[in-house]
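# Fold and geometry: a report
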Amino acid sequence: QVQLVESGGGLVQAGGSLRLSCAASGSFWTINTMGWYRQPPGKQRELVATITSGGTTNYADSVKGRFTISRDNAKNTVSLQMNSLKPEDTAVYYCNAPSVRERLRIAEYWGQGTQVTVSS
């Protein structure tokens, strides 16, 4: 089993910044891709950004140029630096690891979510 624990959410004014972090713990061999998704109020969960263990990144068009994803493979952490935040960035943000290699399987895990609220 693997646990993904997020931290860093909160309330910020438009134009401000927040940094989200996610730490993976438990029993596993490797984690390839890690990423962040978000679910705005009343909407479906959507991709924000992903990063592979090799450092290849992918961003949703809506956050390109404002958000930066990074990871520390040695510590099994992934972070999301969010700048120039807009009210439409308000959502619950979830950490995701879609392909965690464990001893007997490859499994997907999600964090519990952290609320980000951007006031206008």
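Being a predicted model, the structure only gives us computed values, none of them experimental. (Residues numbered from 1 in each chain as written. Predicted model: local features only at pLDDT ≥ 70, side-chain atom pairs only at ≥ 80, totals over all residues. Heavy atoms only, no water.)

## Quick notes on the packing of aromatic side chains
Applied cut-off: Put simply, two rings from Phe, Tyr or Trp (the six-membered ring, in Trp's case) pair if the centres are within 6.5 Å, and we call them stacked under 30 degrees between planes, edge-to-face over 60, tilted for the rest. Segments assigned H or I by DSSP are reported as helices when at least four residues long, segments assigned E as strands when at least two residues long, and all are numbered from the N terminus. Accessible area is worked out with a 1.4 Å probe on protein chains only. A residue is then buried under 20% of its type maximum, exposed over 50%, and partly exposed in between.
The tally for this structure, following the rule as stated, stands at two aromatic pairs. Aromatic side chains Tyr 94 and Trp 110 sit 6.5 Å apart centroid to centroid with 85 degrees between the ring planes, which places their arrangement in the edge-to-face category. Residue Tyr 94 is located in strand β10 (residues 91-101), and its partner Trp 110 is located in strand β11 (residues 106-110); the two are separated by 16 residues in the primary sequence. Classification of Tyr 94 as buried rests on a relative accessible area of 14%. Residue class for Trp 110 comes out partly exposed when judged on its relative accessible area of 34%. An aromatic cluster is defined as three or more aromatic residues linked by ring pairs; in this entry it consists of Tyr 37, Tyr 94 and Trp 110.

## Quick look at the pattern of salt bridges
We apply this condition: A side-chain nitrogen of Lys or Arg and a carboxyl oxygen of Asp or Glu constitute a salt bridge if their distance falls within 4 Å.
Taken as a whole, this structure holds five salt bridges when the rule is applied. A salt bridge links Asp 89 to Arg 66; the nearest nitrogen and oxygen atoms lie 2.7 Å apart. Here Arg 66 lies in the loop between β7 (57-59) and β8 (67-72) and Asp 89 lies in the loop between β9 (77-82) and β10, a separation of 23 residues in the sequence. Judged by relative accessible area, which is 1%, Asp 89 ranks as buried. Residue Arg 66 is classed as buried on the basis of its relative accessible area, which comes to 10%. In this structure, the salt-bridge partner of Arg 105 is Glu 102, at a minimum N-O distance of 2.9 Å. What makes Arg 105 partly exposed here is its relative accessible area of 41%.

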